Amino acid sequence: MPPAAERVPWRWLAAGRASRRLVLVVVFVALLLDNMLLTVVVPIVPTFLYTTEYESANSSVAPAQTEPAPPAFKTPPFSSMFSYFDNTTVTILGSASAAELANGMESSHPPQPPASSPPLPSSCPEGDEFLAKENVRVGLLFASKALVQLAVNPPVGLLTNRIGYHIPMFIGFIIMFLSTVMFAFSGTYTLLFIARALQGIGSSFSSVAGLGMLASVYTDDFERGNAMGIALGGLALGVLIGAPFGSVMYEFVGKSSPFLVLAFLALLDGALQLCILQPSKISPESTKGTPVSTLLRDPYILVAAGALCFSNMGVAMLEPTLPIWMMQTMCSPKWQLGMAFLPASISYLIGTNLFGILANKMGRWLCSLIGMAVVGISLLCVPLAKSIYGLIGPNGGLGFAIGMVDSSMMPIMGYLVDLRHTSVYGNVYAIADVAFCMGFAIGPSTGGAIVRAIGFPWLMIIIGVINIAYAPLCWYLRNPPAKEEKIAILSQECPMQTKSYTTQKTLRDFPLTDDSDVEAENAE
């Protein structure tokens with residue numbers, strides 16, 4: 001019994017490592033935690049920087065303003081009343097001498113309304129100039145993650161081709177855990193910036209290795225589309241939970257609390273990877289993958305990557321600018337800054353799971369075309385909102401449409417590699433992640449500057465029009481042709497086969513005659 005009982009866990013691990021569903025679970029959880037950390041900082045950073053920098057700076061100026069104010073206001077009345085009570089000069093204090101006592105009583109009350117009136121507008125932040133500058137600073141902080149990920153993705157794609165997907169996946173977990181702990185205990189803008197950039201490195205390892213692993217495990221195009229939809233559902237769930245979770249925890253518990261919870265969940269993810277995957281096993285691809293430079297010259301891959309970039313750029317521009325715009329125009333409390341993204345997150349979760357299946361039936365090109373058009377229309381409607389309830393419709397449509405684009409473009413990237421290049425997926429999903437990161441790098445960094453220059457409504461108009469104008473390009477993905485070099489790449493170790501393929505193509509005449517074989521032999 002004891003030996004048999006000891007073998008049961010090992011049998012379970014062996015069966016788990018051979019299961020495609022458990023691999024999907026690992027990728028799902030990794031994308032979930034990555035995107036929870038991505039969005040949990042969205043409502044925290046603007047208000048945290050405002051309270052730590054602007055209010056702390058004004059608190060040192062406030063005593064200097066409150067000390068001279070009482071003497072200037074109160075000393076003239078009280079000095080004249082007590083020192084010249086019986087004199088006729090008391091009329092200096094008021095217009096009517098008969099109402100001196102009433103004016104004396106009222107003089108104690110007028111200071112109170114000015115003292116009680118500032119708390120009413122204090123729900124709205126006061127420093128307009130500081131908030132205008134904060135748009136740029138917060139945008140750069142958010143963009144640092146994507147900029148670092150943008151630079152790290154191509155080397156990670158090459159690394160996965162050489163050593164496989166398991167080790168990079170586990171490296172991503174370790175870096176993400178360190179970044180989460182650093183977020184929890186960072187108290188300055190510089191430390192937050194470093195933690196955000198460190199997250200970009202970990203996210204690059206997790207996303208490229210995870211999506212490449214799914215594409216290699218699910219070889220059928222229909223099954224791959226469903227698996228990608230489920231994996232992107234993890235991404236959507238992370239976005240769904242992150243911003244509301246961060247705003248509520250920051251409001252009622254503290255800044256460090258949401259990051260400590262995420263660090264604990266990251267440890268569970270690491271244990272899951274150790275059980276299901278084999279991080280110490282090096283399993284390079286048997287076939288050499290197509291170089292990144294060759295993939296970047298493929299116009300169809302570029303169109304798909306552009307769709308991913310511009311559709312996600314809209315929500316990337318919203319992340320740093322929408323909370324500050326809400327603080328200025330709606331006087332929103334802290335918890336509402338994260339709740340504003342809740343409709344987009346819920347609809348994104350629905351869209352990725354729904355169109356992971358429907359996109360294959362209705363045509364992924366059509367699904368992405370419609371999605372980009374809806375993204376543009378939703379962005380145009382965001383500045384029309386007058387309260388948080390007015391953001392439900394535009395943000396809901398935005399999330400649903402981005403879910404349509406992502407669930408269509410991710411399988412298309414793998415399909416284009418199968419159709420036109422070598423079926424090794426590390427490099428193409430590195431390009432897909434680069435496109436995704438370009439949207440989240442260009443969006444926040446330029447969005448804050450545009451808001452400071454021409455305002456938030458014009459920012460939404462610009463990115464909305466760009467999405468609508470780009471949408472027709474998805475039509476070119478309707479029926480992409482297979483490259484002639486595809487056969488040669490797959491048969492590069494057998495040059496005789498590639499030669500026979502080229503001759504067969506040049507001598508293909510219809511209708512075939514009896515002399516066709518003779519002509520083929522003479523040509524050889």
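For the chain, the name recorded in an unreviewed UniProt entry is VMAT1 protein, with Fregata magnificens as its organism. UniProt's Sequence similarities (unreviewed entry) comment on the chain is quoted here verbatim: "Belongs to the major facilitator superfamily. Vesicular transporter family."

Draft legend 1. Expanded view of the overall build of the chain. Check the secondary structure of the chain and you find 22 helices and zero strands. Relative to its full complement of 524 residues, the chain shows a buried share of 48%. Counting only contacts in the chain whose residues sit at least 6 apart along the sequence, the fraction spanning at least 24 positions is 86%. Total accessible area computed for the chain in this model is approximately 24,500 Å², and 68% of it derives from carbon and sulfur atoms.

Draft legend 2. How the structure looks around the pattern of salt bridges. What the rule picks out here adds up to one salt bridge. For Asp298, the salt bridge goes to Arg420, with nearest N and O atoms at 2.8 Å. Taken together, the positions of Asp298 in the loop between helix H12 (292–296) and helix H13 (299–329) and Arg420 in helix H17 (residues 392–420) put the pair 122 residues apart, joining distant regions of the chain. Exposure remark for Arg420: the relative accessible area of 6% places this residue in the buried category.

Draft legend 3. Seen up close, the packing of helix H2 (residues 20–40) against helix H9 (residues 189–217). Taken N-terminus to C-terminus, the directions of H2 and H9 make an angle of 155°; their axes are 10 Å apart at the nearest point. With respect to their mutual orientation, H2 and H9 come out roughly antiparallel. Crossing handedness for the pair H2 and H9: left-handed. Mapping the contact onto sequence places Arg20, Val23, Leu24, Val27, Leu31, Asp34, Leu37 and Leu38 in H2 and Arg196, Gln199, Ser203, Ser207, Gly210, Met213, Leu214 and Val217 in H9. Of the residues assigned to the contact of H2 with H9, the class counts are nine nonpolar, four polar and three charged.

Draft legend 4. Region of interest: a nonpolar patch on the surface. Together, Ile377, Leu380, Ile454, Trp458, Ile461, Ile462, Val465, Ile466 and Ile468 make up a nonpolar patch on the protein surface, roughly 740 Å² of accessible area in all. Of all the secondary-structure elements, those providing two or more residues to the nonpolar patch are helix H16 (364–381) and helix H19 (456–470). With respect to the helices and strands, the residue Ile466 is situated in helix H19. The partly exposed category is assigned to Ile466, whose relative accessible area is 34%.

Draft legend 5. Seen up close, the packing of aromatic side chains. Overall, the coordinates contain seven aromatic pairs when judged by the stated rule. Taking the centre distance of 5.2 Å and the plane angle of 50° together, the rings of Phe310 and Tyr470 count as tilted. Residue Phe310 is found in helix H13, and its partner Tyr470 is found in helix H19; the two are separated by 160 residues along the sequence. Judged by its relative accessible area of 13%, Tyr470 is buried. The interplanar angle of 20° and the centroid separation of 4.7 Å between the aromatic rings of Trp325 and Phe456 together place this pair among those described as stacked. Highlighted residues: Trp325 in helix H13 and Phe456 in helix H19, separated in sequence by 131 residues.

Draft legend 6. View of the state of the cysteines. Under the criterion given, the structure shown has zero disulfides. Free of any disulfide, Cys474 has its nearest neighbouring cysteine sulfur in Cys367, separated by 9.8 Å.

Draft legend 7. Structural detail: the environment of Ile44. Examined against the element boundaries, Ile44 turns out to sit in helix H3 (residues 44–66). What makes Ile44 buried here is its relative accessible area of 2%. Separated by 210 residues in the primary sequence, Ile44 and Gly254 place their C-alpha atoms 9.9 Å from one another. In contact with Ile44, other than residues within four places in its own chain, are Gly246, Tyr250, Lys255, Pro258 and Phe259.

Rules of the game
Residues numbered from 1 in each chain as written. Predicted model: local features only at pLDDT ≥ 70, side-chain atom pairs only at ≥ 80, totals over all residues. Heavy atoms only, no water. UniProt positions renumbered as here; feature names shortened; annotations may be inferred. Helix = DSSP H or I, 4+ residues; strand = E, 2+ residues; numbered from the N terminus. Buried < 20%, exposed > 50% of the residue type's maximum accessible area, 1.4 Å probe, protein only. Contact = heavy atoms within 4.5 Å. Areas by Shrake-Rupley, 256 points an atom, 1.4 Å probe, with all protein chains shown as cover. Salt bridge = Lys/Arg side-chain N within 4 Å of Asp/Glu carboxyl O. Axes fitted to C-alpha atoms, helices over the stretch in contact; angles between N-to-C directions. Parallel < 35°, antiparallel > 145°, perpendicular 65-115°, else oblique. Left-handed = near helix turned anticlockwise from the far one by under 90°. Nonpolar A, V, L, I, M, F, W, Y, C, P; charged D, E, K, R; others polar. Patch = residues over 30% accessible without salt bridge, like charges linked within 9 Å, V, L, I, M, F, W, Y side chains within 5 Å. Phe/Tyr/Trp six-rings, centres within 6.5 Å; stacked < 30°, edge-to-face > 60°. Disulfide = S-S within 2.5 Å.

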